[in-house]
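# Remarks on the overall topology
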Amino acid sequence: MAIEVRTRTMRTTPLRSPLQLSQRSRVSIAPALLLSGALLGIFGCGDSQDPAGATELYQKIQADDYRSWQRAPGYETRRKSDAPHSDNVDIYVNDVVAQALASGESLSAWPEGSVIVKDGSDGGKFEVVAVMEKRSDGWYWAEYFDGKSEAKFSGRPDVCLDCHKRGSDFVQSFSFPTPQ
Ligand code: HEC
């Protein structure tokens, strides 16, 4: 698509240099591509880089009864969400995150062993379970749909990282504790 646009523009405006043209078309096309990439990632075919590991993680959080965990700060009840996951979300944090939050220590990263689970629902039925687990080599990501233990996304999908990199060590819904 990018190449087509560029050649057409070059033909109709021969006075501009090819460098200027390619910069112009890249700038205007980039947001559209990014947006469709994000939507495709969430609703499309998925990106499961570690199917077996992701199923194991799903079974682990179910066995741990994650819905009985502490709720994330600011998410004491179900909340509306603008994120692409779904309309309403419940966010739960495991003990490691809960302790880090309660410690009031100044942090620049969430500790290894942190797990955060987000249930996303539309119209009351649970449709998306999104998980982040902090491992020794960084966050592991997974997203499951319609109660299935097979992930549609797992490992380090670009779609998760690209949007979450703006968070506090990739966490978007809450920040590091304020030092006391
Ligand atoms: C376009 C942006 C975007 C993309 C893409 C995205 N997320 Fe999120 N995610 C958010 C936002 C915003 C929140 C904050 C809660 C809310 O409003 O739903 C969030 C919250 C979460 C949470 C709760 C912890 C936190 O960071 O607040 C998890 C877990 C999560 N996302 C997992 C994932 C996974 C796994 C993927 C990839 C399959 C993904 N997200 C892709 C925007 C995104």
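Structural notes, computed from the coordinates.

Right, let's get into the pairing of strand β8 (residues 151–155). Side chains on a regular strand alternate between the two faces of the sheet. A large share of β8 lies buried, amounting to four of its five residues. Pairing analysis gives two bridges linking strand β1 (residues 47–48) to β8, with the strands arranged parallel. By the bridge assignment, Ser-48 is partnered in β8 with Ser-154. One ladder, built from four bridges, connects strand β7 (residues 138–145) with β8; its direction is antiparallel. Bridging across to β8, Ala-142 finds its partner in Ser-154. Connecting the antiparallel pair β7 and β8 is a turn made up of five residues, with Asp-146 showing a positive phi of about 55°.

What follows is about the nonpolar core. Within soluble globular proteins, side chains that are nonpolar tend to cluster in buried spots. In this structure, Leu-57, Ile-61, Ile-116, Val-117, Val-131, Trp-141 and Ala-142 are the most contacted members of the largest nonpolar core, which totals 27 residues. Elements with a minimum of two residues in this core: α3 (51–63), β4 (88–93), β5 (115–122), β6 (125–135), β7, β8 and α5 (158–164). Here Val-117 is in contact with Ile-61, Tyr-66, Tyr-92, Val-129 and Val-131, once residues within four sequence places are set aside.

The next subject is α3. Here α3 spans 18 Å end to end across 13 residues, near enough to the 18 Å set by a 1.5 Å rise per residue. Considered for burial, the residues of α3 that qualify are Ala-54, Leu-57, Tyr-58 and Ile-61. Buried residues of α3 fall within an arc of 100° about the axis and therefore sit on the same side. When the buried face of α3 is taken as reference, the exposed residues oriented beyond 90 degrees from it are Ala-52, Glu-56, Gln-59 and Ala-63. Where α3 is buried, its residues contact β1, β5, β6, β7 and β8. Phi turns positive, to about 50°, at Asp-65, one or two residues after α3.

Here is what the cut-offs are and how they apply
- Residues numbered from 1 in each chain as written.
- Predicted model: local features only at pLDDT ≥ 70, side-chain atom pairs only at ≥ 80, totals over all residues.
- Buried ≥ 20, exposed ≤ 12 C-beta atoms within 10 Å, placed from the backbone.
- Helix = DSSP H or I, 4+ residues; strand = E, 2+ residues; numbered from the N terminus.
- Pairing = 2+ DSSP bridges.
- Core = buried A, V, L, I, M, F, W, Y, C linked by C-beta atoms within 7 Å.
- Contact = placed C-beta atoms within 7 Å.
- Expected span 1.5 Å × (residues − 1).
- Arc of directions from axis to C-beta.

Such coordinate-based values are descriptive only and should not be taken to indicate function.
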